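Fold and geometry: a report
Here's the letter readout for the chains.
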Amino acid sequence: MRNIFVRGIDENVYREVKARAALLGITLSEVVNMALKEWLKKPVIIENSGRDVRRIVDRLVDEYLAKGVKGYIVVFNRGERHIVCRSLDEAIDSIRKAYVEEKIYSAVIREIKPRPVKFLEIGGGMLEIRGEI
Amino acid sequence: MKYVEKYDISIAPSQPFLKMGIVNPITNVRLEERAYVDTGFSGSLIITKNVYEKLKLSLIEVDEEYYAIHAGHFITKLKPVIVIVEIGEFYHARKKIFVHPYIGKILVGRDILNELYICLNGPKQILELKD
């Protein structure tokens with residue numbers, strides 16, 4: 001067992017966790033161990049390169065929007081280069097061509113407009129979704 | 001045309017699924033997978049990270065923000081990608097589908113189910129697609 005000192009815990013979260021732990025008759029250490037074990041069950045998804053590509057895409061979209069350009073941007077290989085296409089069909093064809101000719105390994109398509117944020121509803125609980133039950 | 005699929009009885013209660021062809025439109029590589037019917041899912045298709053990697057769907061990602069809300073509480077960020085979805089001879093469409101970071105099985109939701117005439121015959125434990 002390792003003893004650690006943790007900084008920066010949200011005050012409200014700490015109070016609520018402490019109160020709930022007391023109700024359940026368990027220690028804060030036990031709560032922390034449970035939370036860490038749950039976090040470890042989650043698969044690791046490397047998002048850093050995704051964030052860099054997102055910044056590049058955002059910058060390009062802003063530039064093209066300012067010029068009044070419409071259509072789709074395709075960014076290849078995490079930002080190595082990009083093209084502008086008039087339609088989604090054209091974007092997919094361009095990626096296909098680039099894949100055959102240059103062996104690209106990734107491509108991101110973005111319509112030239114502010115990035116929409118959408119929510120999808122899923123009825124199942126996490127255990128069912130994870131296939132654990 | 002006929003499509004009949006027996007429920008998956010390895011789960012209790014048994015669960016209907018569709019055998020779904022998922023094709024990368026860039027490489028034309030195709031995988032056939034079980035997609036479990038989930039009318040509680042409002043989107044098209046949710047796939048695992050494993051399927052995303054096997055099909056090299058990093059070649060056809062879409063930069064849009066999508067979040068899954070589980071049972072009204074838990075929010076998970078999804079990665080949208082574009083694929084061709086096939087179900088026998090009944091369905092062939094280019095669709096935006098979603099990669100879920102934690103999911104253990106593929107789910108097909110209302111965005112696709114509402115395009116099909118599906119009969120869930122519970123007593124016989126079979127799913128049928130009709131014309």
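Structural data are supplied above this passage.
In this report, the structure presented in the accompanying data block is examined. Model, not experiment: these values are computed from the prediction.

1. Considerations on the interface of chain B and chain A
Of the residues lining the interface, 39 residues belong to chain B; the matching set on chain A comes to 35 residues. Taken together, the two surfaces of chain B and chain A that pack against each other cover about 3600 Å², and 58% of this comes from carbon and sulfur. Among the residues of chain B in contact with chain A, Asp63, Glu65 and Tyr102 of chain B are the three that bury the most area, contributing 20% of the side total. Where chain B touches chain A, the interface holds seven salt bridges. Across the salt bridge formed by Glu121 of chain A and Arg110 of chain B, the nearest N and O atoms sit 3.6 Å from each other. With six residues, the single largest contributor to the side of chain B that touches chain A is strand β6 (residues 65-70) of chain B. Grouping the amino acids of the side of chain B that touches chain A by side-chain chemistry returns 20 nonpolar, eight polar and 11 charged. As paired strands, strand β4 (residues 117-122) of chain A and β6 of chain B are joined by six bridges and run parallel to one another. When the sheet's bridge partners are listed, Phe119 of chain A is paired in β6 of chain B with Tyr67 of chain B.

Criteria and thresholds
Residues numbered from 1 in each chain as written. Chains lettered and ligands numbered in written order. Predicted model: local features only at pLDDT ≥ 70, side-chain atom pairs only at ≥ 80, totals over all residues. Heavy atoms only, no water. Contact = heavy atoms within 4.5 Å. Buried area = accessible area lost by both parts, 1.4 Å probe. Salt bridge = Lys/Arg side-chain N within 4 Å of Asp/Glu carboxyl O. Helix = DSSP H or I, 4+ residues; strand = E, 2+ residues; numbered from the N terminus. Nonpolar A, V, L, I, M, F, W, Y, C, P; charged D, E, K, R; others polar. Pairing = 2+ DSSP bridges.

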